[in-house]
Amino acid sequence: MMMVRRGLLAWISRVVILLVLLCCAISVLYMLACTPKGNEEQLGLPRANSPTGKEGYQAVLQEWEEQHRNYISSLKRQIAQLKEELQERSEQLKNAQYHASDAAVLGPDQGAPEKAQADLLAFLHSQVDKAEVHAGVKLATEYAAVPFDSFTLQKVYQLEMGLTRHPEEKPVRKDKRDELVEAIESALETLNSPAESSPNQHSYTTSDFIEGIYRTEKDKGTLYELTFKGDHKHEFRRLVLFRPFGPIMKVKKEKLNMAYTLINIIVPLAKRVDKFRQFMQNFRETCIQQDGRIHLTVVYFGKEEMNEVKGILENTSKAANFRNFTFIQLSGEFSRGKGLDVGARFWKGGNVLLFFCDVDIHFTSEFLNTCRLNTQPGKKVFYPVLFSQYNPGIIYGHHDAVPPLEQQLVIKKETGFWRDFGFGMTCQYRSDFINIGGFDLDIKGWGGEDVHLYRKYLHSNLIVVRTPVRGLFHLWHEKRCVDELTPEQYRMCMQSKAMNEASHGQLGMLVFRHEIEAHLRKQRQKTSSKKT
């Protein structure tokens with residue numbers, strides 16, 4: 001675009017110089033013609049007192065005047081011609097701007113070959129490359145990663161919190177609502193366009209939209225990844241859109257078939273039989289009855305209560321005719337990182353999608369699809385942000401009884417929070433886990449190993465997708481921080497324990513409960529004294 005403008009300015013400058021020189025030449029000629037002549041030259045002119053002198057002089061003046069008028073007419077014609085050319089160049093410039101903008105909307109394949117369009121498209125694609133669409137960018141720490149927000153047609157699930165904001169909410173601001181609607185409509189237009197759709201493909205509507213994730217980087221733009229139902233079961237359509245602080249543009253379109261994508265869920269465990277029984281109930285309903293493309297690997301530390309855990313596995317296997325599980329027994333003290341590392345490396349089949357999971361996690365079949373859709377071997381790993389449940393005893397303390405678990409799993413400000421400081425639950429392909437070097441096995445006990453692995457992925461060329469997900473919950477349990485932990489691990493454990501109990505407001509009510517009770521007593525005393 002800048003090249004076109006520079007060329008136009010240079011051309012106009014040359015025309016102006018030409019006009020100035022032409023005017024100077026005319027002035028010189030006019031002065032020469034009107035200058036009094038010498039004696040010899042005056043002989044050639046008709047004399048005023050001669051019979052024909054007056055008429056001849058008038059004829060000469062008329063001839064000069066006619067020549068002057070011709071020069072002026074010629075200059076006017078040239079100026080008019082220059083104006084026409086200038087107008088034509090202006091129209092060309094406007095058309096170049098329009099086509100460049102149109103090329104940004106339609107994509108790089110439909111742009112015109114003009115240099116201005118090429119420059120604009122090069123800029124837009126440089127923005128796309130910087131936004132981690134095609135490859136990951138190496139980051140220094142876990143805090144440098146820009147997380148995604150996820151959304152459906154009704155709700156937005158966001159990590160950006162505050163005392164006035166909620167973990168899930170309907171977009172109240174019209175500009176945010178219109179932005180997400182525009183992204184969905186743009187994706188539907190692409191899916192339903194004759195050039196993109198196949199003859200037997202059904203017409204896509206908003207009812208086919210499953211979920212989307214998006215994030216905005218202030219120096220690049222907004223990236224959207226939208227997932228729609230496919231033409232067949234377990235088939236999906238994924239569209240990636242990018243808004244580089246300008247017209248939204250299509251980056252790529254994919255057809256994803258997850259019918260044969262097996263997930264190996266790896267659970268490290270020591271004791272905690274009751275929690276494992278609850279986990280297997282969720283596993284049976286979600287993984288066996290609904291999904292059917294799951295392998296379970298349990299890595300058990302020690303021998304205490306091991307037979308009870310094996311018994312739960314065997315009973316589930318018989319009752320549900322489920323054989324896709326592996327039980328690994330390790331000696332020594334519990335180490336989450338070691339358990340997950342051993343479970344991942346034990347797999348002898350082909351490259352498999354791994355889901356590192358704890359026994360106190362509840363997930364839905366929708367999450368399993370989200371796990372599949374946000375991972376890609378050699379390309380992408382998924383670090384979902386789960387919703388952590390508060391202590392039900394505090395939340396429902398004013399109720400007669402705590403409601404069933406299914407009714408507790410509601411994403412609200414009063415029931416829990418997005419566990420954005422946790423990196424333990426993650427989906428990644430085994431090949432990526434092996435290539436990155438796995439866990440640091442020197443880390444013992446609770447905490448630290450997950451952050452270490454997360455940082456290694458951030459330092460690699462893989463794309464790290466981090467977003468809150470609505471189908472992944474951390475169930476509340478009393479947390480014990482043992483003395484054997486290092487000071488740093490103990491601090492992290494206590495911080496996690498405090499955050500798991502209740503919301504800011506609920507904890508405040510507990511802290512000030514003595515003052516509240518004292519106020520109520522005084523009010524009752526005043527009321528009773530007035531009656532007497």
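Residues numbered from 1 in each chain as written. Predicted model: local features only at pLDDT ≥ 70, side-chain atom pairs only at ≥ 80, totals over all residues. Heavy atoms only, no water.

You'll find the protein chain entered in an unreviewed UniProt entry as Hexosyltransferase, with Molossus molossus given as the organism. Word for word, the UniProt comment on the protein chain under Sequence similarities (unreviewed entry) is "Belongs to the chondroitin N-acetylgalactosaminyltransferase family." The Catalytic activity (unreviewed entry) comment attached to the protein chain in UniProt states, word for word, "3-O-(beta-D-GlcA-(1->3)-beta-D-Gal-(1->3)-beta-D-Gal-(1->4)-beta-D-Xyl)-L-seryl-[protein] + UDP-N-acetyl-alpha-D-galactosamine = 3-O-(beta-D-GalNAc-(1->4)-beta-D-GlcA-(1->3)-beta-D-Gal-(1->3)-beta-D-Gal-(1->4)-beta-D-Xyl)-L-seryl-[protein] + UDP + H(+)". (UniProt positions renumbered as here; feature names shortened; annotations may be inferred.)

Asker: What am I meant to see in the overall build of the protein chain here?
Answerer: Scanning the protein chain from terminus to terminus reveals 16 helices and 16 strands. Taking the intrachain contacts of the protein chain between residues at least 6 apart in sequence as the baseline, contacts between residues at least 24 apart amount to 71%. Carbon together with sulfur atoms contributes 55% to the accessible area of the protein chain, which is approximately 29,900 Å² in total. (Helix = DSSP H or I, 4+ residues; strand = E, 2+ residues; numbered from the N terminus. Contact = heavy atoms within 4.5 Å. Areas by Shrake-Rupley, 256 points an atom, 1.4 Å probe, with all protein chains shown as cover.)

Asker: What am I meant to see in the packing of helix H6 (residues 273-291) against helix H7 (residues 306-320) here?
Answerer: The relative placement of two packed helices comes down to the angle between their axes together with the axis-to-axis distance. Contact geometry for H6 and H7: axes closest at 10 Å, N-to-C directions at 20°. The angle between the axes of H6 and H7 places the two elements in the roughly parallel class. Judged by the sense of rotation from one axis to the other, the crossing of H6 with H7 is right-handed. Where H6 approaches H7, its residues Val-273, Phe-276, Arg-277, Met-280, Arg-284 and Ile-288 are matched on the opposing element by Glu-308, Val-309, Ile-312, Leu-313, Thr-316, Ala-319 and Ala-320. Split into classes, the residues belonging to the contact of H6 with H7 amount to nine nonpolar, one polar and three charged. (Axes fitted to C-alpha atoms, helices over the stretch in contact; angles between N-to-C directions. Parallel < 35°, antiparallel > 145°, perpendicular 65-115°, else oblique. Left-handed = near helix turned anticlockwise from the far one by under 90°. Nonpolar A, V, L, I, M, F, W, Y, C, P; charged D, E, K, R; others polar.)

Asker: Teacher, can you tell me more about unusual backbone geometry here?
Answerer: Among all residues save glycine, negative phi is the norm, and among peptide bonds the norm is trans. Notably, His-234 is not glycine yet its phi reads approximately 70°, a positive angle. Residue class for His-234 comes out partly exposed when judged on its relative accessible area of 24%. Phi is positive for Lys-271, which is not a glycine, with a value near 60°. Among the secondary structure elements, Lys-271 is positioned in the loop between strand E8 (263-269) and H6. (Buried < 20%, exposed > 50% of the residue type's maximum accessible area, 1.4 Å probe, protein only.)

Asker: Help me out: how do you make sense of the state of the cysteines in this one?
Answerer: Here, the word disulfide means a covalent bond between the sulfur atoms of two cysteines. Tallied over the full model, the rule gives two disulfides. The disulfide bridge from Cys-371 ends at Cys-427, spanning 2.2 Å between sulfur atoms. Judged by the sign of its S-S torsion, about -125°, the cystine formed by Cys-371 and Cys-427 is left-handed. Here Cys-371, found in helix H9 (residues 365-373), pairs with Cys-427, found in strand E15 (residues 426-429); they are 56 residues apart in sequence, far enough to count as distant. Both residues of the pair, Cys-371 and Cys-427, count as buried. Linked covalently through their sulfurs, Cys-481 and Cys-493 form a disulfide whose S-S length is 2.0 Å. The sign of the -90° torsion about the S-S bond sets the Cys-481-Cys-493 disulfide as left-handed. Placement of the pair is Cys-481 in the loop between strand E16 (463-474) and helix H14 (487-499) and Cys-493 in helix H14, with a sequence separation of twelve residues. If one numbers only the bonded cysteines of the protein chain, in the order they occur, the disulfide pattern is 1-2, 3-4. You can see Cys-287 has no disulfide; the closest cysteine sulfur is in Cys-357, sitting 8.6 Å from it. (Disulfide = S-S within 2.5 Å.)

Asker: Please explain a positive patch on the surface as it appears in this structure.
Answerer: Among the surface-exposed residues, Arg-521, Lys-522, Arg-524, Lys-526 and Lys-530 lie close enough to one another that they form a single positively charged patch. Looking at the secondary structure, you find Lys-526 in helix H16 (residues 513-531). (Patch = residues over 30% accessible without salt bridge, like charges linked within 9 Å, V, L, I, M, F, W, Y side chains within 5 Å. Salt bridge = Lys/Arg side-chain N within 4 Å of Asp/Glu carboxyl O. Lys, Arg positive; Asp, Glu negative; His and termini not counted. Charge placed at Lys NZ, Arg CZ, Asp CG, Glu CD.)

Asker: Please clarify how the environment of Thr-205 should be interpreted in this entry.
Answerer: Take Thr-205: it is sitting in the loop between helix H5 (174-192) and strand E4 (209-217). Owing to a relative accessible area of 37%, Thr-205 belongs among the partly exposed residues under this scheme. The spacing of Thr-205 and Glu-185 is 20 residues in sequence and 8.9 Å in space, taken between C-alpha atoms. Reaching out from Thr-205, the side chain makes a polar contact with the side chain of Ser-207 at a distance of 2.7 Å. (Polar contact = N/O pair within 3.5 Å; in protein donor to acceptor, adjacent residues only side chain to side chain.)

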